[in-house]
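Listed below, chain by chain, are the residues.
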There are 2 protein chains.
Amino acid sequence: MTIYEVAQRVGVSIATVSRALRSSGEVAGETRRRVLEVVEELQFRPSRLGQSLAEGRHAANGIVFPDLSGPYYAEVILGYEEVAAELGSSVLILATHGRTDPGRKVLDLARRVDGMAIMGRTVSDGVVAQVAATGMPTVLLARPPVGELDTVTTDSDASARELIAHLLAHGYRRFAYLGDPDESSDVTARYDAFRAALVDRGVRPPRAPMRCAFDVPAGQEAALRALAGSPRPQALVCANDEVALGALAAAEQLGLSVPEDVAIVGWDDVMAARYAGLTTVRQPMRELGATAARWLQDRVANSHLPVRREVLRTQLVIRTSCGQHPIEMEVP
Amino acid sequence: MTIYEVAQRVGVSIATVSRALRSSGEVAGETRRRVLEVVEELQFRPSRLGQSLAEGRHAANGIVFPDLSGPYYAEVILGYEEVAAELGSSVLILATHGRTDPGRKVLDLARRVDGMAIMGRTVSDGVVAQVAATGMPTVLLARPPVGELDTVTTDSDASARELIAHLLAHGYRRFAYLGDPDESSDVTARYDAFRAALVDRGVRPPRAPMRCAFDVPAGQEAALRALAGSPRPQALVCANDEVALGALAAAEQLGLSVPEDVAIVGWDDVMAARYAGLTTVRQPMRELGATAARWLQDRVANSHLPVRREVLRTQLVIRTSCGQHPIEMEVP
DNA sequence: GAGTCCACTGTAAGCGCTTCCGGTAGGTGT
DNA sequence: ACACCTACCGGAAGCGCTTACAGTGGACTC
């Protein structure tokens, strides 16, 4: 079922069929009608491959992310897909987590899209540079800039500063940080911002982070270690909400009450955070994805736009886990 | 940068370059070496479009789902992507929620993939049939079967039966159901199973479901309506966890305690459910996606396999919201 | 009534690859 | 020394579309 059969059936050339179908060029009304009639009858749909090859574009964008397990990435991807679809692009996804040779997978993906968004520390700077070097329009998401690439991140600095100010106001002075800053680039920024905020206020930051993976059990385990320290930290600042939720479990396990015995705060404001009463930093995840999709589209259309950088605002969400406050029963 | 340039540079034909690159056909070791050397030097990557056109396959699969907002779909997609990538396929995603003319979007997607998974009530049976009629290998997910298509679902019946048995054991007899069974096909199954389970046990099911969208605010609003009924229902069975979380908020708003004044149960076991103490039904979401990807691959490889149907097992997770039980502090 | 235009349509050249088929050269057997 | 393989390679035909360019015929003008 190709354009040839349609053309033959109608008794015109394939050029005319193509024109009738895409309303490009001049086609007599009657001819168009006949073509569309046969198209309908044969249920003909032009091959995307043929089109793409001829047009020299895929009409598709890719997004690379570490994982989809937390709610965080899902939201970003949804924002991305929404805008991309609106702009007429299909979306290809690639999760790198746990894959062997993610760099190769990314390069592979690059062969099937017009542009791609790369999120977090999914692949090395080298791979990013390699992708960009092919002329592929690329936007970086929640990741430090590489070269002259568009980059959109969220504001770890401001939120960390605000978070710390709040915790200091509660009177806490001994902090621990849970999470591995080397594992994820946005988390690196969070950790750095956390330290900087403490130093700014004249408080000595913890010697080192309590490294752990970004899930609940790892957070729990790390919190157990942290809480075993002497003197016990007064506040656990966690790299993300999953880790913080693990920390809550750890506190309960140790018979410590939150926030009386220890304060715990997270980052991201995932849905569970609300029900756990977790103080956290809300990230504009949807907007992150949407921005990436929009920028990508712009850059695909016009490759020599000036480089864009944007830092999206975050919001401190105060619940009960950081100290005596009324439960916030907000409706999302 | 095409295969022609590589061929010219090496001084061989494009056929030889192609063969060297894909290790098909016979190429002298020395020739292959020279080809690969130039390929490396020029950083040549064959055009995926050219390849696909020549091979007659996309090496990509698509997945259609309603939304990505809840944790439920994200998990399914992750399971799907993981297996698909392993099998060498790229993954295209399409969220239909809130889109105009999802049918068209699905048909569009169908032009760029070798097979597709369609989830829930994203598009009408007609569109599904239309896709299938093109010969596109298709797998249905959490959705009633259409024609002779492979279908994988989760076991609403068994879980509903178990859930109802448990609630009856608590002594509840007046139930309300929250959620719109017409909105999502897996939820239709849940509602039907819920009613059937009650009838089986000789209890009269509610006249009608308390219809609402599948998010927290809608659940809250619906629960307010349900709890205003007289006599007040003793147990609210919710279409999914988000609705149930909303119901918890509603109970709190009305000054009712859970489970003393009213029991509330959900469906899916999203992360927040654990922290809300919500009794719910755990769904094997990851496995759902993975199964779809695997079946699709099989069917792409061999189009006349027998039709496959599978119902994945679910698991009742009892926490506190349904009645007096110790809090389950399971580690995922 | 010849020349001009215009509206429409067809021809054909790509787009970048895979692969069938046939050709060549060197090696082997007798 | 001749036929015959075998290993390797190139030519060329697709795959299904878009679009620049070149007609072609009828309506219109002077």
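Not measured: the values here are computed from a predicted model.

Draft legend 1. Structural detail: the environment of B:L68. Along the chain, B:L68 falls in the loop between strand 1 (60-65) and helix 5 (71-86). Judged by the 28 C-beta atoms lying within 10 Å of it, B:L68 is buried. In this structure the C-alpha to C-alpha distance between B:L68 and B:T154, which are 86 residues apart in sequence, comes to 19 Å. If sequence neighbours within four positions are ignored, B:L68 has contacts with A:A74, A:I77, A:L78, B:Y73, B:A74 and B:A95.

Draft legend 2. The arrangement of the sheet that holds strand 7 (residues 235-238) of chain A in detail. Residues and elements named next belong to chain A. In spatial order, the strands read 6-7-8; together these 3 strands make up an open sheet with parallel pairing. Only two strands of the sheet have a single partner each, and these edge strands are strand 6 (175-178) and strand 8 (263-265). Averaged over neighbouring strand pairs, the angle between their axes works out to 20° when direction is ignored. Relative to strand 7, strand 6 is paired through 4 bridges, and the arrangement is parallel.

Draft legend 3. Local environment of the relation of the copies chain B and chain A. Rotating chain B by 180° and translating it 0.0 Å along the rotation axis places it on chain A, where the RMSD comes to 0.0 Å. The transformation relating the two chain copies, once decomposed into turn and shift, fits a two-fold axis. In terms of C-alpha distance to the rotation axis, chain B has B:A272 as its closest residue, with the C-alpha 1.9 Å off the axis. Mapped onto chain A, 100% of the interface residues of chain B are again interface residues, and the two copies thus contact each other with one and the same surface.

Draft legend 4. Highlighting the packing of helix 5 of chain B against helix 13 (residues 285-301) of chain B. All names here are of chain B. Taken N-terminus to C-terminus, the directions of helix 5 and helix 13 make an angle of 40°; their axes are 7 Å apart at the nearest point. One finds that helix 5 runs oblique with respect to helix 13. Considering the relative orientation of helix 5 and helix 13, their crossing is right-handed. Taken together, the residues of helix 13 that come into contact with helix 5 (itself represented by Y72, E75, V76, I77, L78, G79, Y80, E82, V83 and A84) are M285, R286, E287, L288, G289, A290, A292, A293 and R294. Of the residues that constitute the contact of helix 5 with helix 13, the class distribution is 12 nonpolar, 2 polar and 5 charged.

Draft legend 5. Region of the structure containing the environment of A:S159. Residues and elements named next belong to chain A. Within the secondary structure layout, S159 lies in helix 8 (residues 156-169). Separated by 33 residues in the primary sequence, S159 and G126 place their C-alpha atoms 30 Å from one another. Beyond its immediate stretch of four places on either side in the chain, S159 contacts V281, T314 and L316.

Draft legend 6. Local environment of the protein's contact with DNA strand C. Surrounding DNA strand C, one finds 28 residues, the nearest of these being B:I3, B:A15, B:S18, B:G50 and B:A54. Counting residues per element, the ones that place at least two in the surface near DNA strand C are helix 2 (14-22) and helix 4 (48-55) of chain A together with helix 2 (14-22) and helix 4 (48-55) of chain B. Ranked by residues supplied to the surface near DNA strand C, first place goes to helix 2 of chain B with 6 residues. Here the residues of the surface near DNA strand C sort into 14 nonpolar, 10 polar and 4 charged.

Definitions and limits used
- All chains use their own residue numbering, which begins from 1 and follows the written sequence.
- The order in which chains are written sets their letters, starting at A; the order in which ligands are written sets their numbers, starting at 1.
- With pLDDT at 70 or above as the cut-off, local features in this predicted model cover only qualifying residues; side-chain atom pairs require 80 or more to be listed or tallied, and sums for whole chains, interfaces and linings still use all residues.
- Elements are defined by DSSP. Helices are runs of H or I of four residues or more, strands are runs of E of two residues or more, and each kind is numbered from the N terminus.
- Counts of 20 or more other C-beta atoms within 10 Å of a residue's own C-beta define buried residues, counts of 12 or fewer define exposed ones, and intermediate counts define partly exposed ones; C-beta atoms are placed from the backbone.
- By definition, residue pairs are in contact when their C-beta atoms, positioned from the backbone, come within 7 Å.
- By definition, two strands form a pair when at least two bridges between them are found by DSSP.
- Fitted lines through C-alpha atoms give the axes, limited to the stretch in contact for helices. The angle between two N-to-C directions lies from 0 to 180 degrees.
- Overlaid copies result from least-squares superposition on C-alpha atoms, with residues included only where pLDDT is at least 70 in both.
- Oblique is the label for any angle not covered by the other classes, which are roughly parallel (under 35 degrees), roughly antiparallel (over 145) and roughly perpendicular (65 to 115).
- The hand of a helix crossing depends on one turn: near helix anticlockwise from the far one by less than a right angle means left-handed, and clockwise means right-handed.
- Residues are grouped as follows: nonpolar covers Ala, Val, Leu, Ile, Met, Phe, Trp, Tyr, Cys and Pro; charged covers Asp, Glu, Lys and Arg; every other residue, Gly included, is treated as polar.
- Using a C-beta atom placed from the backbone, a residue is scored as near a molecule or strand whenever that atom is within 6 Å of it.

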